[in-house]
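Architecture at a glance
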Amino acid sequence: MSGEFEALTIDDYANQAARTDQRSGKSALGFSMLGLFGEAGSLLSEAKKKQRDAASYLGYADAVAEELGDVLWYLAAVARRSALALSDIAANAARGDDEWRAGNNGALSFHALQPAHIPLAKAPMPQFEHTLLALAGEVGVLVNSFQLGTLTRDKAMLARQLVAVMRRLIQAANDSGVTIEAAAVKNLHKIFDRWPREKVYPAPFDAMMDPEEHLPRRMTIDVYERKVRGQTFVYQRSSGVYVGDRLTDNAVEPDDYRFHDVFHYAHVAVLGWSPVIRALLRLKRKSDPKLDDAEDGARAILIEEGVTSWIFGQAQQLRYFDKVKSGGLPLDMLKHVRQFVVGYESERCPLWLWEEAILQGYAAFRFLQKHRRGRVTIDFAHRRLLIKELPS
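Only a predicted model underlies this, so the values are computations on that prediction, with no experimental measurement involved.

The subject of this paragraph is helix H5 (residues 126-148). The end-to-end C-alpha distance of H5 is 33 Å, a good match for the 33 Å that 23 residues give at a rise of 1.5 Å each. By the burial criterion, the buried members of H5 are Phe128, Thr131, Leu132, Ala134, Leu135, Val139, Leu142, Val143, Ser145 and Phe146. One or two steps after H5, the chain reaches Gly149, where phi turns positive at roughly 85°.

This is the structure in structure tokens:
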């Protein structure tokens, strides 16, 4: 991946960023304006958090680079929807005068916008805060002009205001010790991790292990409820053998969490990962003591259960992701999931793959909520979790 973004020009970045734009239609420009405004605010928020929580706030430099990249993405979107080249905006911003000149900037690189050497800032400096406020102010002027309809009548004014925003963005990068090129590269990595140019499914984590230690590539599990002495339990059987213990919601208020193993089955079917299912099916990778201890051990099981429980809390507020289509889960949610599994093999799963696992798992969960029973099939070859009615 490192060589993929070498010699990144501004137009190269703008063209690649355009491929991940999910918006279209008349409202798209307004949405991009709001996004630009929001990301400028996020930059200010990072500086505030570092000041407020100086001793406990980690990853300040990475966060600033990410937020700079997000501002750049929305700036590119506004420019594109306004039929202006981002490279022209950047060239005019770097030149320093107020006369708009377009054309012949297609080869301009991000590197050319900043000094050759920029000192790294590990904490927000007063000048950086001043620049961020100025950046937010310029974005505010831009959004206000758009709301008033001024920009649709005066393209030259729009160009000048975008140049002013870009100029402040360049200065903010200089003051923070971050190169815009690094921010752009980080941004492309993130957006293609979420919205890939091509979906290439990674090999299973246990591909090199003995077949006896493989997670199931295909497996059918019957899931159904049964009352025992007045209490409802969920049972699971595969090929006539019970899988795991009978389950309840383990909650004061019923919420059907007793069907939650379907999420672990989705992890197996889509991600090729699940310490929980390895333990249930006795498929821990004993032939490799390090994998057995770290990736398949109790802590990994707790991590997966924690991820599952946390997502469930989010899903309850979003109707268990009913009507959510591919590409529609919140990016921040998927980033939090990635953070949960840092240090474990599933950290290598791209965000779009996590989304597939989550959406398929919740489609099965909603089916079970409705029918109270179902036949679940893990189909790893097609990265699918299937569910249908369970014959009586």
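Here the narrative resumes, following the displayed structure.
By the bridge criterion, 7 bridges tie strand E1 (residues 218-228) to strand E4 (residues 373-379) in an arrangement that is antiparallel. Each bridged residue has a counterpart across the sheet, and for Tyr224 the counterpart in E4 is Arg373. Taken together, the 7 bridges between E1 and strand E2 (residues 231-238) define a ladder with antiparallel strand orientation. Following the sheet pairing, Asp222 is matched in E2 by Arg237. Here E1 hands over to E2 after 2 residues, with Arg229 in that stretch at a positive phi of 50°.

Before going further, it helps to examine the confidence of the model for the protein chain. Scored by pLDDT, the protein chain comes out at a mean of 91, with 94% of its residues at no less than 70. A low-confidence stretch, residues 1-5 (pLDDT under 50), is modelled with 7 contacts involving residues beyond four sequence positions or located in other chains.

Further remarks concern the packing of aromatic side chains. Enumeration over the complete set of coordinates arrives at 17 aromatic pairs. Each ring, one from Tyr257 and one from Phe312, has its centre 4.8 Å from the other, and the planes form 70°; the classification is edge-to-face. With Tyr257 in the loop between strand E3 (241-242) and helix H9 (261-271) and Phe312 in helix H12 (residues 298-317), the pair connects residues that are 55 residues apart, well separated along the chain. Centre to centre, the rings of Phe312 and Tyr320 are 5.6 Å apart; their planes meet at 45°, and the pair counts as tilted. The pair formed by Phe312 and Tyr320 is uniform in burial state, with each residue classed as buried. Linked through ring pairs, Tyr257, Phe263, Phe312, Tyr320, Phe321, Tyr362 and Phe365 together constitute an aromatic cluster. The side chain of Arg226 reaches across the aromatic face of Tyr235, ending 5.1 Å from its centre. Above the face of the Phe233 ring, Arg246 is positioned so that its terminal group lies 4.1 Å from the ring centre.

Thresholds applied
- Residues numbered from 1 in each chain as written.
- Predicted model: local features only at pLDDT ≥ 70, side-chain atom pairs only at ≥ 80, totals over all residues.
- Heavy atoms only, no water.
- Helix = DSSP H or I, 4+ residues; strand = E, 2+ residues; numbered from the N terminus.
- Expected span 1.5 Å × (residues − 1).
- Buried < 20%, exposed > 50% of the residue type's maximum accessible area, 1.4 Å probe, protein only.
- Pairing = 2+ DSSP bridges.
- pLDDT = per-residue confidence, 0-100.
- Contact = heavy atoms within 4.5 Å.
- Phe/Tyr/Trp six-rings, centres within 6.5 Å; stacked < 30°, edge-to-face > 60°.
- Lys NZ or Arg CZ within 6 Å of the ring centre and 35° of its normal.

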